[in-house]
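Understanding the architecture of this molecule
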Amino acid sequence: MVDFRETLAGPREPLVGFSLKTTRSLRTSRAVAGDSVSPFPDTATTGKFSDPMDEVSLNSEPVYDDEGDEFEIEGDCAMTEYVGQTGIIQNPLPPAVGMEFESYEDVYYFYNCYAKEQGFGVRVSNTWYRKSKERYRGKLSCSSAGFKKKSEANRPRPETRTGCPAMIKFRLMETKRWRIIEVELEHNHLISPTSGKFYKSHKTLGLGTKRPLQSDVAEEVQTIRLFRTVIIDADGDGNADVDEGEFGNNVDHSNQLRFKEGDAQAVHNYFCSSQLMNPNFFYSIDLNEKGCLRNVFWADARSRVAYGYFGDVVAIDTTCLTFKYEVPLVSFIGVNHHGHRVLLGCGLVAGETIESYIWLFRAWLTCMLGRPPQTIITAQCRTLQASVADVFPRASHCLCLSLIMQKIPEKLGGLLEFEAIKVALSRAVYYSLRADEFEATWEDMIQHFGIGDHKWLQALYEDRKRWVPAYLKDIFLAGMFPNQQNEVVTPFFDGYLHRHTPLKEFFDKYDQALRTSQQEEALADLESRNSRFVLKPRYYFEFQLEKLYTNDIFKKFQREVEGIYSCFSTRQIHADGRIITYMVKEHVEVEENRRETRDYEVSFDTSEMEVFCVCGLFNFKGYLCRHALTVLNQNGMEEIPPQYILSRWRKDTKRTYVLDHGCSGIDINNPVHRYDHLYRCVVQVVEEARKSQDRYKDAIQALDEILNKVHLIEDHPV
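Okay, so let's go over this structure. Fair warning: this is a prediction, and the values are worked out from it, not measured in the lab.

The rules behind each value
Residues numbered from 1 in each chain as written. Predicted model: local features only at pLDDT ≥ 70, side-chain atom pairs only at ≥ 80, totals over all residues. Heavy atoms only, no water. Helix = DSSP H or I, 4+ residues; strand = E, 2+ residues; numbered from the N terminus. Buried < 20%, exposed > 50% of the residue type's maximum accessible area, 1.4 Å probe, protein only. Contact = heavy atoms within 4.5 Å. Areas by Shrake-Rupley, 256 points an atom, 1.4 Å probe, with all protein chains shown as cover. Expected span 1.5 Å × (residues − 1). Axes fitted to C-alpha atoms, helices over the stretch in contact; angles between N-to-C directions. Parallel < 35°, antiparallel > 145°, perpendicular 65-115°, else oblique. Nonpolar A, V, L, I, M, F, W, Y, C, P; charged D, E, K, R; others polar. Salt bridge = Lys/Arg side-chain N within 4 Å of Asp/Glu carboxyl O. Pairing = 2+ DSSP bridges. Phe/Tyr/Trp six-rings, centres within 6.5 Å; stacked < 30°, edge-to-face > 60°. Lys NZ or Arg CZ within 6 Å of the ring centre and 35° of its normal. Patch = residues over 30% accessible without salt bridge, like charges linked within 9 Å, V, L, I, M, F, W, Y side chains within 5 Å. Arc of directions from axis to C-beta.

1. A short note on the overall build of the protein chain
For the protein chain, the count of helices and strands is 20 helices and 20 strands. Looking at the 718 residues of the protein chain, the share that counts as buried comes to 51%. For the protein chain, contacts bridging at least 24 residues in sequence account for 65% of all contacts bridging at least 6. About 35300 Å² of surface is accessible on the protein chain, with carbon and sulfur atoms providing 49% of the total.

If you want it as structure tokens, here you go:
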């Protein structure tokens, strides 16, 4: 066992008088030249960025309970308080969603200490029990919550309650710990810790019962063991109450990364050097209760900027976990303006658990300043699906079709008529234009081969709306979803990372892959700006997009223009006001040396100039299909409407991979601020100067002049 904390930062002194365990101690850390603070923190603190725009709370999670209420808590809840000799927590910080305790009584004790410090009383509003009489849920409220029942007495007591909403809700988790799931801190009445008002709950600080404390405080300090799960959800729409038990075999109960000799030092060295080279390098670490490394996330500045350009569709690659690589890598992948894959962040996780995935996804979301993608693509995995739903509830979640189809030999290879089933399944998936067509074809296949009880096929059908192309035509996928039969997904680290690549060697491979990706993008940029296609006089669509789109995307669009010639018999079949529906016939190759005629329905809005084809190519790939182009041409339109020319494919869009939060908030007396600001300015010069020899020469000359001037200032201080 490698204790990551001790390996990297030396042993830590324990907190005196307070037993604190961090189930989720997540840090973001940044370092610059001259920093003396270790970038690897101890387990009881949560860090934030120094930049004003980077100050994102790492402890925000709205939780939805059975009653449908919604609350959002934001703030830093680093637990550094101590239990004093009186048995009361001194200076307790506010309760926050995600805090975990060993017992129901500890929750009450903690909230009561907080209440005493703030100047209000506590009462138990509700406690929920199972049939076994085990408590599984509770609600603690301000003593002024609700209202008293009307009394028939001649001299009723005056009303002291105000209907105060302040409260916490908590529940028993699978780990047998109690987690706070909902918090309301605001009161509707005045509270003051100095008012001297007496509250019954403070009399003995009893632990959620009518009984006083059993321990003798004078002899033994009352200790709460508080476990804390740092919740990261800058989007503000999460739900951490996921029952891992229902996912059975997919759960790996590993609680720490399995390091070999030199691995921990390799991670440490890479993070330190990356931060020194780039102040906007981001990483987060997750330590278990023993201080050992459980999960890691990191992203460089280029990845963070690229997400701003290409973060609409993100694939989460867990290939290394599925095939048990020595490096347990999870990659966040996007696609750039050339259609090339770009890296948007990486993580190492201890196991394929909901807990690890949720931590990783929230760390990534925090790194990207809380902006979730529109669409997420993952492998088919119940654990992944639950985690994505938790962290990205508004995103469209698709399952990678090519990965599913690659499993067919493994899952169905033992069936008697495997080859025929494979052909029938592929035809249902790839050639069904509408959902009802797919369902009818699927049912015919199931009945014909008698495979209705096959568990894998049943699971596929249940998830059909996430992976069958016929269901995904309203979701923008930017070419990242392979909807054609011969398309495959190539991993970003293909050729660099293998099953037995050691972790301590991985970071060199990682750098090589990044350099190659950046060089390919720079070369493609140069070719797109300087080279022109020799176009045959076919359609003006080509001349229009050849001037706007990068070469790689334009070549793909050209295939659709060429495909117009395989379309014929375009006829109007329906008109409803400004919307006209056409039927376009096309000769389609369905098998080797066999073609058939297919009908494609295309709707055209003559007022808004909007066109929609049943094949859905625009949302799948990001450019119009041959059927839509045929209809536009028939309606006398020479140019593609502007809404179908996407900025993400344009070559004339200026993209600078420099993370710039502006100059506001720069303190010139602070050497760290000076370093960060100067670094960003110089990187902008580098980005511009590399584009041509003339710019390079001018930049070198200007930098030499600046350096000489700075040296003179240093030699003759004012």
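2. Comments concerning helix α10 (residues 418–430)
End to end, α10 covers 18 Å across 13 residues, agreeing with the expected 18 Å (1.5 Å per residue, within 8%). Along α10, the residues classified as buried are F418, I421, L425, S426, A428, V429 and Y430.

3. Some details on the packing of helix α11 (residues 435–449) against helix α12 (residues 455–462)
Two elements in contact, α11 and α12, have axes separated by 13 Å at closest approach and are oriented at 170°. Taken together, α11 and α12 sit at an angle that is classed as roughly antiparallel. Taking contact as the criterion, the partners of F438, E439, W442 and I446 in α11 are, on α12, L457, L460 and Y461. Residue classes in the contact of α11 with α12 are distributed as 6 nonpolar, no polar and 1 charged.

4. Quick word on the pattern of salt bridges
Opposite charge on two side chains permits them to pair, given that their charged atoms come into close proximity. One pass over the full model with this rule turns up 28 salt bridges. In this structure, the salt-bridge partner of E352 is K324, at a minimum N-O distance of 3.5 Å. Residue E352 is found in the loop between β14 (341–349) and α6 (354–367), and its partner K324 is found in the loop between α5 (319–322) and β13 (329–335); the two are separated by 28 residues along the sequence. Of the residues examined, E352 reaches a relative accessible area of 17% and is grouped as buried. Residue classification places K324 among the exposed positions, given a relative accessible area of 56%. Two residues, R362 and D390, come together in a salt bridge whose shortest N-O distance is 2.3 Å. Highlighted residues: R362 in helix α6 and D390 in helix α7 (residues 382–391), separated in sequence by 28 residues. Given the relative accessible area of 2%, D390 is considered buried. Through salt bridges with shared partners, a single ionic network connects R427, E437, E596 and R598.

5. What to know about the pairing of strand β7 (residues 167–172)
In terms of burial, β7 is largely enclosed, as 5 of its 6 residues are buried. Across 5 bridges, the pairing between strand β6 (residues 135–142) and β7 is antiparallel. Bridging across to β7, L140 finds its partner in I168. Between β7 and strand β8 (residues 178–184), which follow one another and run antiparallel, lie 5 residues, and K176 among them has a positive phi close to 70°.

6. Structural notes on the environment of F259
Tracing the backbone shows F259 in the loop between β9 (226–229) and α3 (263–277). You can call F259 buried: its relative accessible area is 14%. The sequence separation of F259 and P502 amounts to 243 residues, and the corresponding C-alpha distance is 9.6 Å.

7. Overview of the packing of aromatic side chains
All chains considered together, the criterion is met by 41 aromatic pairs. Centre to centre, the rings of Y111 and Y114 are 6.1 Å apart; their planes meet at 25°, and the pair counts as stacked. One end of the pair, Y111, and the other, Y114, are both in helix α2 (residues 104–118), 3 residues apart, so they sit about a helical turn from each other. Judged by relative accessible area, which is 1%, Y111 ranks as buried. Where F554 meets F557, the ring centres are 6.5 Å apart and the plane angle is 40°; that geometry is what we call tilted. Note that F554 and F557 are positioned in helix α16 (residues 551–563) at a spacing of 3 residues, about one turn of the helix. Overall, the relative accessible area of 1% leaves F554 in the buried class. These aromatic residues form a ring-pair network of at least three members: Y270, F271, F281, Y283, W298, F492, F493, F506, F507 and Y510. A cation over an aromatic ring shows up here: R137 above the ring of W128, its NZ or CZ 5.5 Å from the ring centre.

8. Overview of the sheet that holds strand β19 (residues 594–605)
Within the open sheet, the 4 strands sit side by side as β17-β18-β19-β20. Their pairing is antiparallel. Strands with a single pairing partner mark the edges of an open sheet, and in this sheet they are β17 (567–576) and β20 (610–613). On average, adjacent strands in this sheet sit at an angle of 25° to one another, irrespective of strand direction. Both strand β18 (residues 579–591) and β19 contribute to a ladder of 12 bridges, which runs antiparallel. Paired with E586 across the bridge in β19 is R598.

9. Points about a nonpolar patch on the surface
Judged by side-chain polarity, V685, Y696, I700, L703, I706 and V710 come together as a nonpolar surface patch covering roughly 500 Å² of accessible area. Within the element layout of this structure, L703 appears in helix α20 (residues 693–715).

10. Some thoughts on α12
Those residues of α12 that fall on the buried side of the exposure criterion are W456, L457 and L460. Within α12, the buried residues cover an arc of 95° as seen down the axis, which keeps them to one side. Opposite its buried face, α12 presents the exposed residues K455 and E462, each directed more than 90 degrees away.

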